[in-house]
Amino acid sequence: MCLMPYINSSSLGVISPDETGIQGLVSGTRHCPWKMNQLPPKSPAASPASESTNSRVEALDNLSMDSFWLEVENIKQSTETEQEECSLADVKTQEEGEAEAEWLQDAGLSELLGEPGPEQERLVLLSTLTRTQAAAVQRRLDTYSRSRRRRNKQPVRDVRDIFADTAAEKEESSPDPLWHNLRTSNAQRKIQDNFSSAAETQDYSCTVRNPGKEEMFNMDVAYSEQAAVLLKGSFLSESRKLKDGNSLTRFKILKGRLGVTRIGDLSAQDMKKIPTLALIELTALCDILGFELKRNKAAKLKTTEKRLFGVPLNTLLENDQKLLPNTKVPLLLQALLSCLEKRGLETEGILRVSGSQTRIKSLEQKLERDFYSGLFRWDEVHQNDVSGLLKRFIRELPAPLLTAEYLPAFAAVQNIPDLKQRLQALNLLILILPESNRNTLKALLEFLSKVVARENNNKMNLWNVSTVMAPNLFMHKGLPNKIPEGKEKQLAEGAADVVRMMIHYQDLLWTVSSFLVAQVRKLNESSSKRYQFCDKRIKNLLRKIHADKDKVEKNQGEPSKIVKVHASLLLKDSLEVHLNNATRVADVLRQFQKNLCQNGWNIVNTVNLLKCNNSMECTNLLLYEVGGNIGEHCLDPDTYLLDLYHINPHAEWIIKQNPSYPRMF
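Quick notes on the rules
- Residues numbered from 1 in each chain as written.
- Predicted model: local features only at pLDDT ≥ 70, side-chain atom pairs only at ≥ 80, totals over all residues.
- Heavy atoms only, no water.
- Core = buried A, V, L, I, M, F, W, Y, C linked by side-chain atoms within 4.5 Å.
- Buried < 20%, exposed > 50% of the residue type's maximum accessible area, 1.4 Å probe, protein only.
- Helix = DSSP H or I, 4+ residues; strand = E, 2+ residues; numbered from the N terminus.
- Axes fitted to C-alpha atoms, helices over the stretch in contact; angles between N-to-C directions.
- Parallel < 35°, antiparallel > 145°, perpendicular 65-115°, else oblique.
- Left-handed = near helix turned anticlockwise from the far one by under 90°.
- Contact = heavy atoms within 4.5 Å.
- Pairing = 2+ DSSP bridges.
- Salt bridge = Lys/Arg side-chain N within 4 Å of Asp/Glu carboxyl O.
- pLDDT = per-residue confidence, 0-100.

**Student:** Explain the nonpolar core to me, please; I cannot follow it from the model alone.
**Tutor:** Nonpolar side chains in soluble globular proteins tend to end up buried together. Leu 351, Phe 410 and Phe 474 are the most contacted members of the largest nonpolar core, which totals 129 residues. Counting residues in each nonpolar core, the second largest holds 21 residues, with Leu 589, Leu 621, Leu 644 and Ala 651 among its members.

**Student:** Help me understand the environment of Ser 373, please; the structure alone is not making it clear to me.
**Tutor:** Examined against the element boundaries, Ser 373 turns out to sit in the loop between α15 (357–370) and α16 (383–396). Take Ser 373: its relative accessible area is 46%, and that puts it in the partly exposed class.

**Student:** What should I look at first to understand the packing of helix α10 (residues 223–232) against helix α12 (residues 274–289) in this one?
**Tutor:** What describes two packed helices is the angle between their axes and the distance between those same axes. Between α10 and α12, the least distance of the axes is 8 Å, while the angle of their chain directions is 15°. Viewed along their axes, α10 and α12 adopt a mutual orientation that is roughly parallel. Between α10 and α12 the crossing geometry is left-handed. Only Glu 281, Ala 284, Leu 285, Ile 288 and Leu 289 of α12 make contact with α10, whose side of the interface consists of Tyr 223, Ser 224, Ala 227, Ala 228 and Leu 231.

**Student:** In this structure, what is going on with the pairing of strand β9 (residues 621–627)? I would like to understand it.
**Tutor:** Here is the key point about a regular strand: its side chains alternate between the two faces of the sheet. Among the seven residues of β9, five are classified as buried, and the element is accordingly described as predominantly covered. Sheet topology places β9 next to strand β10 (residues 630–634); four bridges connect them, and they run antiparallel. When the bridges of β10 are listed, Gly 627 appears paired with Ile 630. Remark: two residues form the turn of the hairpin made by β9 and β10, two consecutive strands paired antiparallel; Gly 628 in that turn has positive phi of roughly 75°.

**Student:** Even after reading the chapter, I still don't get the pattern of salt bridges, so can you show me in this structure?
**Tutor:** Where charged atoms from two side chains of opposite charge approach closely, those side chains can pair. The tally for this structure, following the rule as stated, stands at 24 salt bridges. Two residues, Glu 71 and Lys 391, come together in a salt bridge whose shortest N-O distance is 3.1 Å. Remark: Lys 391 occurs in helix α16 and Glu 71 occurs in helix α3 (residues 66–79); sequence separation between them is 320 residues. Of the two residues, Glu 71 and Lys 391, neither departs from the other in class, the shared state being buried. Asp 497 is the partner of Arg 500 in a salt bridge, and the nearest nitrogen-oxygen pair spans 3.3 Å. In this pair, Arg 500 and Asp 497 are both assigned in helix α22 (residues 488–504), three residues apart and thus about one turn of the helix distant. Overall, Arg 500 belongs to the buried group, its relative accessible area being 1%. Overall, Asp 497 belongs to the buried group, its relative accessible area being 3%.

**Student:** Quick question: what am I supposed to make of the confidence of the model for the chain here?
**Tutor:** Detailed reading of the predicted model is not advised wherever pLDDT is low. Per-residue pLDDT for the chain has a mean of 74; in total, 63% of the residues score no lower than 70. Segment residues 165–198 is flagged for pLDDT under 50; beyond a separation of four residues in sequence, or across chains, it makes 65 contacts in the model. Contacts from residues 530–536, a stretch scored under 50 in pLDDT, to residues over four places away or in other chains number ten contacts.

Structural data, given as structure tokens:
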């Protein structure tokens with residue numbers, strides 16, 4: 001079956017094929033000798049790296065894959081009369097060093113390749129990296145440098161000039177620091193000697209122990225460092241057998257004193273820094289786990305005369321924002337999901353049962369003509385046809401919703417033996433996605449969760465929904481596909497399981513890890529400083545930056561602090577708050593509510609506050625951290641403010657209305 005890019009079972013990546021497998025899917029059984037009612041046999045021989053994956057897959061034998069193959073057949077029937085060219089250029093095999101060069105560029109380190117660029121920005125980024133992240137950068141630069149030397153080109157500047165002294169200063173006792181021995185195969189086992197004492201004292205054994213119990217999901221320490229600590233402790237990755245949706249392991253995010261940051265809590269300016277940091281961390285995590293992260297090369301999209309189907313997400317959003325500013329999810333997708341939520345959630349087999357292909361194509365033409373004019377009549381459309389339009393919209397995107405570059409990585413998450421580490425990789429991949437793709441994916445997953453919640457009526461449980469949606473997310477006509485013989489069943493089940501994880505754990509996956517937020521703060525803090533650089537002073541500068549990083553805030557011993565909280569949109573006055581070690585954001589909002597009601601403050605907009613029992617409710621109010629080493633940060637109600645003050649003493653705290661509540665003026 002031509003499901004997704006060929007995945008090397010011993011690496012988290014894709015081996016570029018020389019054939020486009022989607023054509024094999026839609027042209028019959030030339031590349032797929034098995035029939036729809038005959039599951040392909042398991043591979044007679046499995047590599048050691050895939051044994052743990054196979055043990056998980058075997059547990060899925062009792063979970064029907066019929067919906068998956070039926071959906072593949074439906075896709076085949078819907079495309080066999082269409083002779084469209086691929087909307088993406090074929091992915092070509094990259095030369096040695098080319099992938100590393102692209103990685104360094106995407107990681108914001110193109111200056112290391114000898115390209116002109118602001119040296120200060122590169123130095124600031126390097127100064128924020130953890131040891132495992134720095135090692136990942138070094139590996140890519142070593143590979144790129146070797147390829148340049150082989151091609152008799154001038155070698156690029158070695159990043160070890162920057163990292164070596166910093167590493168030596170921090171790890172004088174280490175006879176063989178990681179970045180001096182990156183080429184050796186056992187480098188992964190030496191990395192633990194470079195960890196800070198804080199990371200080593202953490203107990204991460206729960207990532208492979210106590211299956212079936214609620215487990216803590218630590219986002220304070222970089223995932224790659226957690227994985228290296230596990231490797232040092234010789235914890236064996238016990239493959240967790242997949243069960244039905246009701247038995248999936250429950251994870252609870254371990255809240256530090258700074259609370260939890262969700263996607264959307266950070267300003268757009270700060271969120272732009274997250275994908276670069278997430279890419280470096282994902283690569284470091286894959287290095288520790290022994291997987292190689294490979295990405296497809298981005299391809300140019302072909303233009304289309306259509307206005308809705310087959311249009312790039314960014315183009316759709318640009319057009320939609322002319323009608324409705326600040327639109328983050330395409331209006332057509334919103335309309336499809338809204339229609340299904342109103343009339344389709346109770347329909348049995350709503351995503352599984354296919355609508356009429358003739359009607360769906362006719363409806364597509366009507367939508368192209370009448371959608372923006374408001375003349376399209378949704379109440380006259382059969383719900384199974386609407387679900388068909390939804391899946392067609394996703395498949396017809398010129399580039400996959402999970403992006404052409406990272407679709408192989410999403411598909412290969414199944415190769416990671418441990419569930420928690422699979423979720424860590426998925427979390428980073430979602431943070432890497434472009435904002436338009438991420439927002440669209442979230443809207444889709446939220447709808448799929450609602451479908452699962454009505455399982456008793458629509459007979460669509462979590463696994464059913466996942467098997468139906470997996471082909472629509474992982475099959476794309478514009479990407480080359482080739483699957484080794486005997487791997488169809490394993491890869492199909494793996495793709496469905498990735499979709500299942502995204503649906504079931506979406507709240508966790510749409511979280512920005514605390515260690516990434518800390519790196520953003522350091523980037524902002526360091527970027528605000530103006531240094532005059534010269535080559536002789538680079539090492540001294542990085543020593544100073546790393547020394548600052550390792551300092552513990554002296555004021556943390558201060559027992560209390562009085563600060564002012566502003567609410568300029570609501571009040572002319574500011575709220576004076578006495579902070580101690582127990583003061584949380586929720587306490588400040590309650591104090592604001594109490595003073596607002598009792599002290600007769602000069603209220604600017606009373607309509608911004610919801611009244612209940614003659615009192616003001618603060619449930620529609622949020623506290624934001626603004627300025628200092630952050631752009632704007634919506635704070636978790638459980639954030640301890642004295643700790644936050646010590647980390648960002650120059651920020652202002654502002655109370656604003658919750659944007660999810662409708663404004664009442």
